[in-house]
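Summary of structural features
Below, each chain spelled out in residue letters.
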Amino acid sequence: MSDWTSDPIREIVEDRERARARGDALVDVCYVVTAAAADRAEARAVTLRDVSDRGIGLLISRTSPKWRQLTATGTVMLLIHWPIVRRQYRIWGGTAPMEAECLDAYWRRKSHGSMLLEHYYTAFHPQSAPIASRDEFLTGIETLRQRYPDRALVPAPPSLAGLYVVPREIEIWHGSEERLHDRRVFRRTGSGWESTTLVP
Ligand SMILES: Cc1cc2nc3c(=O)[nH]c(=O)nc-3n(C[C@H](O)[C@H](O)[C@H](O)COP(=O)(O)O)c2cc1C
(Lines give C-alpha, C1' and ligand atoms only; values in the text may rest on other atoms or scores of the structure.)
Protein backbone atom coordinates (compact mmCIF):
# COMPACT_ATOMS: atom_id res chain seq x y z
CA MET A 1 0.00 0.00 0.00
CA SER A 2 1.23 3.51 -0.83
CA ASP A 3 0.74 6.57 1.28
CA TRP A 4 -1.09 9.33 -0.60
CA THR A 5 -1.54 12.95 0.22
CA SER A 6 -4.54 14.98 -0.95
CA ASP A 7 -2.26 17.48 -2.74
CA PRO A 8 -0.53 16.05 -5.81
CA ILE A 9 1.80 19.06 -6.18
CA ARG A 10 3.09 18.55 -2.64
CA GLU A 11 3.54 14.89 -3.49
CA ILE A 12 5.70 15.74 -6.54
CA VAL A 13 7.76 18.25 -4.52
CA GLU A 14 8.44 15.69 -1.78
CA ASP A 15 9.15 12.86 -4.22
CA ARG A 16 11.58 15.14 -6.06
CA GLU A 17 13.46 15.83 -2.81
CA ARG A 18 13.71 12.08 -2.16
CA ALA A 19 14.77 11.43 -5.78
CA ARG A 20 17.44 14.14 -5.57
CA ALA A 21 18.74 12.86 -2.22
CA ARG A 22 19.06 9.38 -3.76
CA GLY A 23 20.86 10.64 -6.86
CA ASP A 24 18.17 10.11 -9.52
CA ALA A 25 19.73 11.32 -12.80
CA LEU A 26 16.30 12.41 -14.11
CA VAL A 27 15.38 14.64 -11.18
CA ASP A 28 15.70 17.83 -13.28
CA VAL A 29 14.16 16.41 -16.46
CA CYS A 30 10.60 16.27 -17.79
CA TYR A 31 9.14 15.46 -21.19
CA VAL A 32 6.95 18.05 -22.88
CA VAL A 33 4.28 16.62 -25.18
CA THR A 34 2.47 18.82 -27.69
CA ALA A 35 0.16 18.34 -30.64
CA ALA A 36 1.92 19.48 -33.82
CA ALA A 37 -1.08 18.46 -35.94
CA ALA A 38 -4.16 16.30 -35.55
CA ASP A 39 -2.13 13.24 -36.58
CA ARG A 40 1.22 14.14 -35.00
CA ALA A 41 2.21 14.37 -31.34
CA GLU A 42 5.74 15.55 -30.46
CA ALA A 43 7.64 14.87 -27.21
CA ARG A 44 11.00 16.15 -26.05
CA ALA A 45 13.06 16.31 -22.86
CA VAL A 46 13.25 19.72 -21.22
CA THR A 47 15.02 20.81 -18.03
CA LEU A 48 12.63 20.91 -15.09
CA ARG A 49 13.31 24.17 -13.25
CA ASP A 50 10.71 24.31 -10.51
CA VAL A 51 7.79 22.46 -8.98
CA SER A 52 5.62 24.57 -6.69
CA ASP A 53 2.06 25.78 -6.20
CA ARG A 54 2.61 28.03 -9.23
CA GLY A 55 3.04 24.91 -11.35
CA ILE A 56 5.91 23.25 -13.19
CA GLY A 57 8.49 25.87 -14.21
CA LEU A 58 10.23 25.58 -17.59
CA LEU A 59 12.34 27.81 -19.87
CA ILE A 60 11.45 27.56 -23.54
CA SER A 61 12.60 29.49 -26.61
CA ARG A 62 9.83 31.38 -28.36
CA THR A 63 11.62 30.49 -31.62
CA SER A 64 11.04 26.75 -31.12
CA PRO A 65 8.42 24.41 -32.57
CA LYS A 66 7.32 23.39 -29.06
CA TRP A 67 6.57 27.02 -28.21
CA ARG A 68 4.48 27.46 -31.34
CA GLN A 69 2.64 24.23 -30.63
CA LEU A 70 1.83 24.92 -27.02
CA THR A 71 0.75 28.50 -27.65
CA ALA A 72 -1.41 27.43 -30.61
CA THR A 73 -3.33 24.91 -28.53
CA GLY A 74 -3.01 26.58 -25.11
CA THR A 75 -2.51 23.14 -23.59
CA VAL A 76 0.43 20.93 -22.86
CA MET A 77 1.16 17.55 -21.36
CA LEU A 78 4.22 16.79 -19.24
CA LEU A 79 5.63 13.41 -18.37
CA ILE A 80 8.01 13.04 -15.44
CA HIS A 81 9.68 9.74 -14.50
CA TRP A 82 11.98 9.30 -11.50
CA PRO A 83 13.00 5.64 -11.57
CA ILE A 84 14.95 5.63 -8.28
CA VAL A 85 11.82 6.47 -6.30
CA ARG A 86 9.52 4.51 -8.68
CA ARG A 87 7.35 7.44 -9.64
CA GLN A 88 5.73 8.58 -12.87
CA TYR A 89 3.55 11.67 -13.24
CA ARG A 90 1.40 12.55 -16.25
CA ILE A 91 0.35 16.17 -16.08
CA TRP A 92 -2.14 18.02 -18.30
CA GLY A 93 -2.68 21.74 -18.10
CA GLY A 94 -2.45 25.23 -19.47
CA THR A 95 0.41 27.68 -19.06
CA ALA A 96 1.08 30.91 -17.17
CA PRO A 97 4.06 33.25 -17.59
CA MET A 98 6.94 33.11 -15.11
CA GLU A 99 7.82 36.31 -13.24
CA ALA A 100 10.81 38.18 -14.72
CA GLU A 101 12.93 37.88 -11.54
CA CYS A 102 12.32 34.16 -11.43
CA LEU A 103 13.28 33.74 -15.10
CA ASP A 104 16.42 35.76 -14.47
CA ALA A 105 17.39 33.58 -11.49
CA TYR A 106 17.15 30.45 -13.67
CA TRP A 107 18.98 32.22 -16.52
CA ARG A 108 21.90 33.00 -14.17
CA ARG A 109 22.32 29.27 -13.45
CA LYS A 110 22.88 28.42 -17.11
CA SER A 111 26.32 27.59 -18.47
CA HIS A 112 28.02 30.07 -20.80
CA GLY A 113 27.43 27.74 -23.75
CA SER A 114 23.74 27.41 -22.97
CA MET A 115 23.41 31.22 -22.81
CA LEU A 116 25.16 31.62 -26.17
CA LEU A 117 22.90 28.97 -27.68
CA GLU A 118 19.83 30.86 -26.52
CA HIS A 119 21.13 33.99 -28.31
CA TYR A 120 21.93 31.97 -31.42
CA TYR A 121 18.22 31.36 -32.01
CA THR A 122 17.54 35.03 -32.70
CA ALA A 123 20.98 36.11 -33.96
CA PHE A 124 21.25 33.33 -36.58
CA HIS A 125 18.64 30.58 -36.86
CA PRO A 126 15.62 29.61 -34.77
CA GLN A 127 15.77 26.49 -32.60
CA SER A 128 15.28 23.27 -34.57
CA ALA A 129 15.80 24.99 -37.95
CA PRO A 130 17.87 23.01 -40.48
CA ILE A 131 21.32 24.48 -41.24
CA ALA A 132 23.99 23.68 -43.81
CA SER A 133 26.54 22.21 -41.38
CA ARG A 134 27.74 21.89 -37.80
CA ASP A 135 30.61 24.23 -38.76
CA GLU A 136 28.15 26.95 -39.69
CA PHE A 137 26.55 26.61 -36.27
CA LEU A 138 29.90 26.71 -34.40
CA THR A 139 31.01 29.78 -36.35
CA GLY A 140 27.86 31.57 -35.20
CA ILE A 141 28.49 30.53 -31.59
CA GLU A 142 32.06 31.91 -31.80
CA THR A 143 30.70 35.24 -33.03
CA LEU A 144 28.39 35.32 -30.02
CA ARG A 145 31.23 34.32 -27.67
CA GLN A 146 33.14 37.41 -28.84
CA ARG A 147 30.06 39.56 -28.32
CA TYR A 148 29.44 38.11 -24.84
CA PRO A 149 32.83 36.95 -23.51
CA ASP A 150 31.84 37.14 -19.85
CA ARG A 151 29.18 34.66 -18.72
CA ALA A 152 28.19 36.89 -15.79
CA LEU A 153 27.24 39.72 -18.17
CA VAL A 154 25.20 37.84 -20.79
CA PRO A 155 21.64 39.21 -20.78
CA ALA A 156 18.69 36.86 -21.25
CA PRO A 157 17.33 37.29 -24.79
CA PRO A 158 13.69 38.40 -25.08
CA SER A 159 13.05 35.22 -27.07
CA LEU A 160 13.50 33.14 -23.92
CA ALA A 161 10.16 32.48 -22.25
CA GLY A 162 9.78 31.38 -18.65
CA LEU A 163 6.51 29.61 -18.10
CA TYR A 164 4.63 27.52 -15.61
CA VAL A 165 2.56 24.57 -16.66
CA VAL A 166 -0.51 24.94 -14.45
CA PRO A 167 -1.88 21.43 -13.89
CA ARG A 168 -5.56 20.69 -14.29
CA GLU A 169 -5.08 16.95 -14.03
CA ILE A 170 -2.22 14.90 -12.57
CA GLU A 171 -1.95 11.15 -12.76
CA ILE A 172 0.53 9.66 -10.32
CA TRP A 173 1.98 6.16 -10.61
CA HIS A 174 3.58 4.56 -7.57
CA GLY A 175 5.65 1.63 -8.82
CA SER A 176 5.56 -1.49 -6.68
CA GLU A 177 8.18 -4.22 -6.55
CA GLU A 178 5.64 -6.97 -7.23
CA ARG A 179 4.30 -4.97 -10.22
CA LEU A 180 0.89 -4.32 -8.61
CA HIS A 181 1.40 -0.60 -9.03
CA ASP A 182 -0.78 2.01 -7.37
CA ARG A 183 -2.23 4.69 -9.68
CA ARG A 184 -4.39 7.65 -8.93
CA VAL A 185 -5.62 10.59 -10.98
CA PHE A 186 -6.18 13.99 -9.37
CA ARG A 187 -8.48 16.60 -10.97
CA ARG A 188 -8.52 20.17 -9.83
CA THR A 189 -11.74 21.35 -8.22
CA GLY A 190 -12.56 24.93 -7.20
CA SER A 191 -10.89 24.59 -3.83
CA GLY A 192 -8.49 21.68 -4.14
CA TRP A 193 -8.22 18.29 -5.81
CA GLU A 194 -10.47 15.25 -6.13
CA SER A 195 -8.82 11.90 -6.74
CA THR A 196 -9.81 8.60 -8.30
CA THR A 197 -8.01 5.29 -8.12
CA LEU A 198 -7.12 3.67 -11.47
CA VAL A 199 -6.47 0.07 -12.46
CA PRO A 200 -2.68 -0.13 -12.85
C1 LIG B 1 18.06 16.13 -20.63
C2 LIG B 1 17.66 17.13 -21.68
C3 LIG B 1 17.30 18.40 -21.27
C4 LIG B 1 16.91 19.36 -22.22
N5 LIG B 1 16.53 20.60 -21.78
C6 LIG B 1 16.04 21.50 -22.67
C7 LIG B 1 15.52 22.77 -22.22
O8 LIG B 1 15.50 23.10 -21.02
N9 LIG B 1 15.04 23.62 -23.16
C10 LIG B 1 15.02 23.29 -24.49
O11 LIG B 1 14.56 24.11 -25.29
N12 LIG B 1 15.50 22.12 -24.94
C13 LIG B 1 16.01 21.21 -24.06
N14 LIG B 1 16.47 19.98 -24.51
C15 LIG B 1 16.42 19.70 -25.98
C16 LIG B 1 15.00 19.30 -26.37
O17 LIG B 1 14.76 17.94 -26.00
C18 LIG B 1 14.70 19.47 -27.88
O19 LIG B 1 15.65 18.76 -28.64
C20 LIG B 1 14.71 20.94 -28.30
O21 LIG B 1 14.16 21.77 -27.29
C22 LIG B 1 13.94 21.16 -29.61
O23 LIG B 1 12.59 20.83 -29.44
P24 LIG B 1 11.43 21.32 -30.44
O25 LIG B 1 12.00 21.31 -31.83
O26 LIG B 1 10.34 20.32 -30.28
O27 LIG B 1 11.01 22.69 -30.01
C28 LIG B 1 16.89 19.02 -23.60
C29 LIG B 1 17.25 17.74 -24.00
C30 LIG B 1 17.65 16.80 -23.05
C31 LIG B 1 18.02 15.40 -23.50
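Above this text is the structure in question.
Because the structure is a prediction, the values reported are computed rather than measured. (Residues numbered from 1 in each chain as written. Predicted model: local features only at pLDDT ≥ 70, side-chain atom pairs only at ≥ 80, totals over all residues.)

Attention now goes to the overall build of the protein. Helices and strands together make up the secondary structure of the protein, namely 5 helices and 9 strands. In the protein, the succession of helices and strands from N to C terminus is α-β-β-β-β-α-β-β-α-α-α-β-β-β. For the protein, the spread of C-alpha atoms along the principal axes amounts to about 55 × 40 × 35 Å. Buried residues in the protein amount to 22% of all 200 residues. (Helix = DSSP H or I, 4+ residues; strand = E, 2+ residues; numbered from the N terminus. Buried ≥ 20, exposed ≤ 12 C-beta atoms within 10 Å, placed from the backbone.)

Taken together, the neighbourhood of the ligand is formed by 14 residues, with Arg-44, Thr-47, Ser-64, Lys-66 and Ser-128 sitting nearest. Looking at the shell around the ligand, the elements with two or more residues in it are β2 (40-47), β4 (55-61) and α2 (65-73). The dominant element in the shell around the ligand, judged by the number of residues it contributes, is β2, at 5 residues. Considering only residue class, the shell around the ligand consists of 6 nonpolar, 5 polar and 3 charged. (Near = placed C-beta within 6 Å. Nonpolar A, V, L, I, M, F, W, Y, C, P; charged D, E, K, R; others polar.)

Grouped together as the largest cluster of nonpolar side chains are 23 residues, with contacts concentrated most on Cys-30, Ile-56, Leu-78, Tyr-89, Ile-91 and Val-165. Contributions of two or more residues to this core are made by α1 (8-21), β1 (29-37), β4, β5 (76-82), β6 (87-97) and β7 (160-174). In terms of residue count, β7 provides more of this core than any other element does, 5 residues in total. Setting aside anything within four residues of it in sequence, one finds Tyr-89 in contact with Ile-12, Ile-80, Ile-170, Glu-171 and Ile-172. (Core = buried A, V, L, I, M, F, W, Y, C linked by C-beta atoms within 7 Å. Contact = placed C-beta atoms within 7 Å.)

Turning our attention to the packing of helix α4 (residues 112-123) against helix α5 (residues 134-147). The contact between α4 and α5 brings their axes to 10 Å, and the two run at 110°. If you check the angle between α4 and α5, you find them roughly perpendicular. Across the interface between the two elements, Leu-116, His-119, Tyr-120 and Ala-123 from α4 touch Gly-140, Ile-141, Leu-144 and Arg-145 from α5. Partitioned by chemical class, the residues of the contact of α4 with α5 number 5 nonpolar, 2 polar and 1 charged. (Axes fitted to C-alpha atoms, helices over the stretch in contact; angles between N-to-C directions. Parallel < 35°, antiparallel > 145°, perpendicular 65-115°, else oblique.)

The next point concerns the pairing of β7. Of the pairings in the sheet, the one linking β4 to β7 comprises 6 bridges and is antiparallel in character. Its bridge partner being in β7, Leu-59 is matched across the sheet by Gly-162. Across 11 bridges, the pairing between β6 and β7 is antiparallel. In the sheet register, Thr-95 faces β7, and the bridge partner there is Val-165. As defined by bridge partners, β7 adjoins strand β8 (residues 182-188) across 6 bridges and the pair is classed as antiparallel. By the bridge assignment for β8, Trp-173 is matched with Arg-183. (Pairing = 2+ DSSP bridges.)

Positionally, Leu-70 belongs in helix α2. Residues Leu-70 and Arg-187 lie 117 residues apart in sequence; the distance between their C-alpha atoms is 21 Å. Setting aside residues no more than four positions away along its own chain, Leu-70 makes contact with Thr-34, Val-76 and Thr-95.

Of note, the phi angle at Arg-86 is positive, near 55°, even though the residue is not glycine. Here Arg-86 is to be found in the loop between β5 and β6. Not every positive phi belongs to a glycine, and Arg-179 is a case in point at roughly 70°. Relative to the helices and strands, Arg-179 resides in the loop between β7 and β8.

Topologically, Arg-20 is positioned in helix α1. Classification of Arg-20 as partly exposed rests on a count of 14 C-beta atoms within 10 Å. In sequence terms Arg-20 and Pro-130 are 110 residues apart; their C-alpha atoms lie 36 Å from each other.

Right, let's get into the pairing of β2. Bridging between β1 and β2 involves 8 bridges; their strand directions are antiparallel. Bridged to Ala-37 within β2 is Arg-40. What sits between the antiparallel neighbours β1 and β2 is a turn of 2 residues.

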